[in-house]
Amino acid sequence: MRYIVGVDLGGTNIVVGAMPEDGSRTIAVRSEPTEAQRGAEGVTDRIAALIARTMGEVIADEHAQATDFLGVGVGAPGPLDREKGVVVVAPNLGWSDFPLRKAISDRIRLPVTLDNDANCATVGEWWRGAARGARNAIGITIGTGIGGGVIVDGQLYHGSSDVAGEIGHTTIDPAGRYCKCGNYGCLEAYASGPAIAVRAREALERDEESALRRMVNGDLTKLTSATVYEAAHDGDALARELVSDTARFLGTGIANLLNTLNPDVVVITGGVTKAGERLFEPLRAEVKRRAFRPAVAACRIVPGELEGTAGMVGAVATFKQQRMGGA
Ligand SMILES: [Zn+2]
């Protein structure tokens, strides 16, 4: 048996694990804080140590040998230059133009591939999760930001300069809210976790009645999207309205994708899926209102199945695609 290690590098956590090359299971998966304040070299030291620990566990538990490891796939926040293996900008890590691929392979002396974290999450769900078997799939990862990935005819689509899939920064309102990217009206400025918290705070500042205020003991700076989902679950009217507005915003963005790419599945991952059918039902209704009927009929819109590991699994799959010609 041969093994591939997957690394999902995020601003908050690093998830590392291994898989046999057939992708049949995950082994020795762990999530550790990124400790971004250590800087690029310090974080890379951590990644290398986590890879070594994972390999050690696989060797011990599976009676494997060091030579059984084919390499390491890494998913990192983008934009990236895949050809050079460089993280161009990663605001949450404070990195710019860091040659991550070489920095890791110098430390562990194995082949390393690099791809965008949201691309990896999409490939993970496509290889082993909710988008399994799809020919054309779109993945949307909603957390601190909104990332995306596009699979066309069974291949991850990167575009001409690795920007493809930046669904969070497509415009849903040309005169809309300011987005961190500098543009106005991006989907991310409405439907990311922090954007949902901002909308909740604004509603409460307008004096709207809601259990949300009590849930944060009147301190509106403590509001998060998780508070909103919890209150919606408990029947709070304002929280439910915030979730259905989120569904409308996402549905608008996804309808654009259906008319552009005509996928057979859209898989949504991240914290927002905790809102469950309360989110998905109005979201599907919004897509149905806006996209062409054959595009709607062809497409499933579903939550991801690989909670917490989609990026790591997808990093293994992209290693296979880039180094071995297929996953
Ligand atoms: Zn933006």
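Structural notes on unusual backbone geometry
- Phi angles above zero are rare outside glycine, and Asp 97 is one such case at about 50 degrees.
- With respect to the helices and strands, Asp 97 occurs in strand E7 (residues 95-98).
- A residue is classified by how much of its surface remains accessible, and Asp 97, at 56% relative accessible area, is exposed.
- Residue Arg 109 is not a glycine yet carries a positive backbone phi of 55 degrees.
- Along the polypeptide, Arg 109 turns up in the loop between helix H2 (100-108) and strand E8 (112-116).
- Residue classification places Arg 109 among the exposed positions, given a relative accessible area of 71%.

A short note on the coordination of the zinc ion
- All of the protein donors around the zinc ion are His 169 (ND1), Cys 179 (SG), Cys 181 (SG) and Cys 186 (SG); their distances to the metal are 2.0 to 2.4 Å.
- One can describe the donor arrangement at the zinc ion as tetrahedral, given that its four donor atoms subtend angles of 105 to 121 degrees at the metal.
- Coordination of the zinc ion draws on donor residues from a single chain, spaced H-x9-C-x1-C-x4-C in sequence.
- Assessed through its relative accessible area of 1%, Cys 179 is described here as buried.
- What makes Cys 181 partly exposed here is its relative accessible area of 45%.

Structural notes on the packing of helix H7 (residues 225-233) against helix H8 (residues 237-261)
- At their nearest, the axes of H7 and H8 sit 7 Å apart, and the two run at 115 degrees to each other. In this structure, H7 crosses over H8, and the sense of that crossing is left-handed. Where H7 approaches H8, its residues Val 228, Tyr 229, Ala 231, Ala 232 and His 233 are matched on the opposing element by Ala 239, Arg 240, Leu 242 and Val 243.

Scoring rules and cut-offs
- Here, residues in each chain are numbered from 1, in the same order as that chain's written sequence.
- Selection of residues for local features in this predicted model requires a pLDDT of at least 70, selection of side-chain atom pairs for listing and counting requires 80 or more, and totals for whole chains, interfaces and linings are taken over all residues.
- Just so you know, side-chain values use all the structure's heavy atoms and leave hydrogens and water out.
- Secondary structure elements are defined from DSSP: runs of H or I of at least 4 residues count as helices, runs of E of at least 2 residues count as strands, and each element is numbered from the N terminus.
- Residue burial is assigned from relative accessible area. The probe radius is 1.4 Å, only protein chains are included, and a residue is buried under 20% of its type maximum, exposed over 50%, and partly exposed in between.
- Because water is not among the atoms used, a metal site may look incomplete, as its donors are only the N, O and S atoms within 2.8 Å, or 3.2 Å for Na, K and Ca.
- Key to geometry: four donors with every angle between 85 and 135 degrees are tetrahedral; four donors are square planar and six octahedral where opposite donors lie over 155 degrees apart and all remaining angles lie between 65 and 115; all other sites are irregular.
- The convention used is that axes are lines fitted to C-alpha atoms, helices contributing only their stretch in contact, and that angles between N-to-C directions extend from 0 to 180 degrees.
- Left-handed describes a crossing whose near helix is turned anticlockwise from the far helix through less than a right angle; right-handed describes the clockwise counterpart.
- Every residue pair with non-hydrogen atoms within 4.5 Å of one another is taken to be in contact.

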